[in-house]
Every structure is written in structure tokens, then in C-alpha cells.
Amino acid sequence: MYDLHDLVEMKKPHPCGTNRWEIIRMGMDIKIKCTGCGRLVMLSRKEFERRMKKVLSK
């Protein structure tokens, strides 16, 4: 599973070219931050689980 501050890989890369995201906030929605450009994105938990490929590091 995944937890707060884990690095995850999403199925599609971000337009900046990076595919690594850090989980910033968890709850009903999940907020992730791009490790390349710092962009913040909020996804519903269901949408996040559908788009996540794997957990890279805890």
C-alpha cells in the first residue's frame, strides 16, 4: 500500500518529464506533488488508485 510522504510512480508521466510524485496529503482526496517541477495535484482516492502504477520508496 501507500502512505504519507511515499514516492509513487503514475501510469502517465507529467508534462515536465518526471514520473515520480510524493504524497503530501491523504484523506478522502489525495494530494500529490511532482518531484520535478513541484506542481500540486489533488485526486480522489479512487482516481489515484486507478492512475498509480507502483510505490517507489517509503
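Residues numbered from 1 in each chain as written. Predicted model: local features only at pLDDT ≥ 70, side-chain atom pairs only at ≥ 80, totals over all residues. Heavy atoms only, no water.

Ordered by their spatial adjacency, 5 strands build an open sheet running β4-β3-β2-β1-β5, and the pairing between neighbours is antiparallel. Looking at which strands have only one partner, the edges of the open sheet turn out to be β4 (40–44) and β5 (52–57). Each strand axis lies, on average, 40° off the axis of its neighbour in the sheet, ignoring direction. Examined bridge by bridge, strand β2 (residues 20–25) and strand β3 (residues 29–34) share 4 bridges and lie antiparallel to one another. From the neighbouring strand, W21 faces β3, where its bridge partner is C34. (Pairing = 2+ DSSP bridges. Helix = DSSP H or I, 4+ residues; strand = E, 2+ residues; numbered from the N terminus. Axes fitted to C-alpha atoms, helices over the stretch in contact; angles between N-to-C directions.)

This brings us to the nonpolar core. Membership of the largest hydrophobic core is limited to 11 residues, which are Y2, V8, M10, W21, I23, I30, I32, C34, L43, F48 and M52. Counting residues per element, the ones that place at least two in this core are β1 (7–10), β2 and β3. Setting aside chain neighbours within four positions, we find L43 in contact with M10, D29, I30, I32, F48 and R51. (Core = buried A, V, L, I, M, F, W, Y, C linked by side-chain atoms within 4.5 Å. Buried < 20%, exposed > 50% of the residue type's maximum accessible area, 1.4 Å probe, protein only. Contact = heavy atoms within 4.5 Å.)

By the alternation rule, side chains of β3 split into I30, I32 and C34, which are all buried, and D29, K31 and K33, of which none is buried. In sequence, β2 turns back onto β3 through a hairpin of 3 residues. With 5 bridges connecting them, β3 and β4 associate as antiparallel partners. Pairing of K31 across the sheet is with M42, part of β4. The antiparallel hairpin formed by β3 and β4 contains 5 residues in its connecting segment, where G38 sits at a positive phi of about 85°.

Moving on, we come to the side chain of D6. Tracing the backbone shows D6 in the segment before β1. D6 gets classed as buried once you look at its relative accessible area, which sits at 3%. Sequence-distant contacts of D6, defined by excluding residues within four places in its chain, comprise M1, W21, E22, I23, V55, S57 and K58.

A word on the layout of surface pockets. Estimates place the volume of the largest pocket at around 180 Å³. Along its surface, the largest pocket is lined by M10, K12, P13, H14, W21, I32, V41, L43 and R51. Of the residues that constitute the lining of the largest pocket, the class distribution is 6 nonpolar, 1 polar and 2 charged. (1 Å grid on protein atoms, 1.4 Å probe; cavity = no way out; pocket = protein on both sides within 12 Å on 5 of 7 lines; lining within 4 Å. Points joined across faces, edges and corners; volume = space filled by probe spheres on them. Nonpolar A, V, L, I, M, F, W, Y, C, P; charged D, E, K, R; others polar.)

These results come straight from atomic positions and should not be treated as a statement about function.
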